[in-house]
Each structure stands twice: as structure tokens, then as C-alpha cells.
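Structure assessment
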Amino acid sequence: MEKDLICGMDVDPTVALTSQYNGKTYFFCSTACKEMFDKEPEKYLKKDEPSGGSCCCGCSF
Ligand SMILES: [Zn+2]
């Protein structure tokens, strides 16, 4: 499993949305999370642990 940097949940790489940044591939649970990352990737790459446990996009754990 890969980690969604935006909401912190684990996502299955075979079905996740992806975004390329600095030569690395990042995985997201939804377009909402992907768009947030695409807008400000640095903001999310800086923090190791996402704050809060619930997903911003409303998907359930
Ligand atoms: Zn998410």
C-alpha cells in the first residue's frame, strides 16, 4: 500500500490516482486529494505526518 499525503490514508497503487513530482510518483485516494497536492506539493511534502485522521475528501477508512 502507498500513503496518500493529503489525508494520510493508505491507498492501493493499482487503483489510486497518481501525480508525478520531482521524479517521484505519489498516490491519492481521490481527485480532490490529487488536486490539492498538485496545487501545493511542497506544502504536503514538508510534513511527515498528516494532521488529523479523517480524509478531506470524505472517503471512509
Ligand atoms: Zn485522500
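So, here is what we can say about the structure in this document. (Residues numbered from 1 in each chain as written. Predicted model: local features only at pLDDT ≥ 70, side-chain atom pairs only at ≥ 80, totals over all residues. Heavy atoms only, no water.)

Quick notes on the nonpolar core
What counts is decided by this rule: Take the buried residues of types Ala, Val, Leu, Ile, Met, Phe, Trp, Tyr and Cys, join any two whose side-chain atoms come within 4.5 Å, and each joined set is a nonpolar core. Buried, partly exposed and exposed residues are distinguished by accessible area as a fraction of the type maximum, computed with a 1.4 Å probe on protein chains only: under 20%, between the cut-offs, and over 50%, respectively. Where helices and strands are cited, they refer to DSSP runs of H or I of at least four residues and of E of at least two residues respectively, numbered from the N terminus. We call two residues in contact whenever any of their non-hydrogen atoms come within 4.5 Å of each other.
By size, the foremost hydrophobic cluster in this structure holds 12 residues: Ile 6, Cys 7, Met 9, Val 11, Ala 16, Tyr 21, Tyr 26, Phe 27, Phe 28, Cys 33, Phe 37 and Tyr 44. When contributions to this core are tallied by element, the ones reaching two or more residues are strand 4 (24–28) and helix 1 (31–39). Here this core takes 3 residues from strand 4, the largest share from any one element. What Tyr 44 contacts, discounting residues up to four positions off in sequence, is Leu 5, Ile 6, Met 36 and Phe 37.

Section: the coordination of the zinc ion
Rules: For Na, K and Ca the donor cutoff is 3.2 Å, while for all other metals N, O and S atoms must lie within 2.8 Å; water is not among the atoms, so some sites may look incomplete. Square planar and octahedral sites, with four and six donors, are those where opposite donors lie more than 155 degrees apart and all other angles lie between 65 and 115, tetrahedral sites have four donors with every angle between 85 and 135 degrees, and the rest are irregular.
Around the zinc ion, the protein contributes the donor atoms Asp 4 (OD), Cys 7 (SG), Cys 29 (SG) and Cys 33 (SG), at 2.1 to 2.4 Å from the metal centre. Coordination at the zinc ion comes from 4 donor atoms whose angles at the metal span 87 to 126°, giving a geometry best classed as tetrahedral. For the zinc ion, the single-chain donor residues occur in sequence as D-x2-C-x21-C-x3-C. Side by side, Asp 4 and Cys 7 carry an identical accessibility label, which is buried.

What is shown is where atoms sit, not what they do.
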